[in-house]
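Architecture and fold: a report
These are the residues of each chain, in order.
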Amino acid sequence: MARFSLTTPLYYVNARPHLGSAYTTMAADALARFARLRGDQVLLVTGTDEHGQKIQRTAQERGLAPQVHCDQMAAEFQALWEKLNIRWHRFSRTTDPRHGVIVQEFFQRVWARGDIYLHQQQGWYCVACEEFKDERELLPGRFCPLHPQVQVEWRDEPNYFFRLSRYQAQLEALYQQQPDFIQPEPRRNEVVKFVAQGLADFSISRLHLDWGFPVPVDPSHVIYVWFDALLGYLTALLEPGEPPSLAAAVRTWWPVDVHLIGKDILRFHAVYWPAMLLSAELPLPKRIFAHGFLTKDGQKMSKSLGNILDPFDLVATYGSDALRYYFLKEIELGKDGDFNEERFVQTVNADLANDLGNLLNRTLKLVHKYCDGRVPTIPVPQENPLAEYGRHLGEQVAQAYERLALHQACSLALGLAQRANKWMDEQAPWQLAKTGAQTQLAAVLYSLLEAARLAAYLLSPVIPQTSTRMYQQLGYAVDFDHDPPLAYGEHGQWGALPPGQAVAPPEPVFTRLGTAKIIKF
Ligand code: MSP
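Our subject in this report is the structure included herewith.

Cut-offs applied
Residues numbered from 1 in each chain as written. Predicted model: local features only at pLDDT ≥ 70, side-chain atom pairs only at ≥ 80, totals over all residues. Heavy atoms only, no water. Near = heavy atom within 4 Å. Polar contact = N/O pair within 3.5 Å; in protein donor to acceptor, adjacent residues only side chain to side chain. Areas by Shrake-Rupley, 256 points an atom, 1.4 Å probe, with all protein chains shown as cover. Pairing = 2+ DSSP bridges. Helix = DSSP H or I, 4+ residues; strand = E, 2+ residues; numbered from the N terminus. Core = buried A, V, L, I, M, F, W, Y, C linked by side-chain atoms within 4.5 Å. Buried < 20%, exposed > 50% of the residue type's maximum accessible area, 1.4 Å probe, protein only. Expected span 1.5 Å × (residues − 1). Bend = angle between axes of the 7 residues up to and from the residue. Phe/Tyr/Trp six-rings, centres within 6.5 Å; stacked < 30°, edge-to-face > 60°.

**Looking at the site of the ligand**
- Taken together, 20 residues are adjacent to the ligand, and Leu10, Asp49, Gly262, Asp264 and Leu294 come closest.
- With respect to the ligand, the backbone of glycine 262 contributes an N or O atom lying 2.8 Å from an oxygen atom.
- One of the side-chain nitrogen or oxygen atoms of aspartate 264 is found 2.4 Å away from an oxygen atom of the ligand.
- Expressed as a share of its isolated accessible area of 670 Å², the protein-covered part of the ligand is 91%.

**Describing the sheet that holds strand S3 (residues 90-93)**
- Strand order in the open sheet formed by six strands is S3-S2-S1-S12-S13-S7, with parallel pairing between adjacent strands. The sheet is open, and its two edges are formed by S3 and strand S7 (182-183), each paired on a single side.
- Sheet analysis places strand S1 (residues 3-12) next to strand S2 (residues 41-49), joined by eight bridges and oriented parallel. Bridge assignment links threonine 7 to a residue of S2, and that residue is valine 45.

**Quick word on the nonpolar core**
- One finds Phe106, Leu234, Phe327 and Phe344 to be the most contacted residues of the largest nonpolar core, which totals 177 residues.
- If you tally residues by element for this core, the top one is helix H16 (residues 438-459), at 15 residues.

**Here we look at helix H12 (residues 341-370)**
- Taking 1.5 Å per residue as the helical rise, H12 with its 30 residues ought to reach 44 Å, and the 41 Å between its terminal C-alpha atoms agrees with that figure.
- By the largest-angle criterion, glycine 357 marks the main kink of H12, which is about 35°.
- One side-chain oxygen of the residue at the start of H12 lies 3.2 Å from the amide nitrogen of glutamate 342, identifying that residue as asparagine 340.
- Note on H12: the residue one or two positions beyond its end, aspartate 372, has a positive phi of about 65°.

**Describing the packing of aromatic side chains**
- Per the counting criterion, the structure on display carries 33 aromatic pairs.
- Consider the rings of phenylalanine 34 and tyrosine 488, whose centres lie 5.6 Å apart with planes at 85°: the pair is edge-to-face. Taken as a pair, phenylalanine 34 in helix H1 (residues 19-37) and tyrosine 488 in helix H18 (residues 488-491) lie far apart in primary sequence, 454 residues in all.
- Looking at phenylalanine 34, the relative accessible area reads 4%, which means it is buried.
- Ring geometry for tryptophan 111 versus tyrosine 160: centroids 6.3 Å apart, planes at 65°, classification edge-to-face. You can see tryptophan 111 sitting in helix H4 (residues 97-112) and its partner tyrosine 160 sitting in strand S6 (residues 153-162), a full 49 residues away along the chain.
- Tryptophan 111 sits in the partly exposed class, given a relative accessible area of 34%.

**Brief notes about the sheet that holds strand S8 (residues 202-203)**
- On the basis of which strands lie adjacent, the open sheet formed by four strands has the order S5-S4-S6-S8 and antiparallel pairing. If you trace the sheet from one side to the other, it starts and ends with strand S5 (131-133) and S8, each paired once.
- Examined bridge by bridge, strand S4 (residues 116-126) and S6 share 10 bridges and lie antiparallel to one another. Within S6, the residue paired with tyrosine 117 across the bridge is phenylalanine 161.

Shown next as structure tokens:
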């Protein structure tokens, strides 16, 4: 059995989860679900990044011990994942004591390679990014370009540095030899250009901070939060309860197939992380895919604009399938995308309630009326436009999922339902019934049911609950959320619906949404 592993970023716990974190995780979950349908053994890693100054300060402001604060926030992320119907396998928390052991071992390896040295660090630090900034990139008044409300802070202290510069040539060779290591293409170009300018070593320890793991060779320092957090991807791969060691962590699931991240943290993943792994003589991840940023009504979401969308409110109002569908179908993963509530409601109603839901509903009514509530028996093979479109669809959709083109996978699958509705009107099965054209009627109804089934199956990684309702009405006793996967080799093909199968009475599979104003000002 092939293995497929992928990760979301480990999210900072300085605040409750926001829509950006929900977005990456929904996409990762859909990819993981697709891989399961294809028959892979799948591991989806998500989790929280809990150390560093930012978290320490937030805990302080809340008057809580950092660990208590982190425990509360980690629970919030897990609660949201549950509501969004995310099926994760590992939730990596960087305050897990096992993670401390992994970080220490990794540090020692890199230390033994001679890649860590003590040096004076001077520079402007953005606590929100947990990153030093070049003076040139700062906004007037020394504000961070990514956090315009946050003023950078001057640091002048001895830090341990990682010899990133030593890996420049190896990184350049990597990008050259594996052009799909960083995706999509514009992101790759960005990284190649950045590295070509020359890589500077970066500091991997902090003085005067105690919320982190101590540097093994000098406990007056703690390990820099990013050095610590990236290693959380390895710790996550330990089996539950397994004693921590790097050897155990990389044994089964490393290297992961995809690190799915947002474009703002690309440099850490595509430059720093591979260099750290090269230094520790560990294999590199196979692919890094950076998605774009979400805006609200065309504007960046921010507290000062008061236009932050709370994913808890969204999912409570609209349900998980609707959100997953909108964000994964309407926005090309890799490009920036916008959330506008009216468009959201319109899209989801048009696609899920009308195109998919009505197709099944109308067809089931006819099947109950004319075919005794059973999938009609038909002459094989069927030759009609739906069969023709459906015959290649499984393969096309699979390719789209494999390229992480979730929007395309959705459009292709939905396209079948749209064609089916149109074709139903053209064929007018109710007329065929009147004229007694029973064979033709059976053939038409079979193809319509089959179109609904295949579309539901191919969309199940994105809208598992709607797909489950559709499958159950088509007479299958399955639940896409719980049951072992229905094999793609069979269900991803046109013609899998067994003639004679009893179908259920039609029930709405997706309740139309109304617009609720949920934006908080
Ligand atoms: N803790 C680090 C990641 C460490 S991974 C070893 C971090 N955390 S984060 O919580 O700040 O960000 C997590 C993810 O949310 C990033 O991938 C980021 O791109 C994403 N998003 C934050 N705001 C976003 C939008 N407005 N839109 C889409 N994604 C955004 O960085």
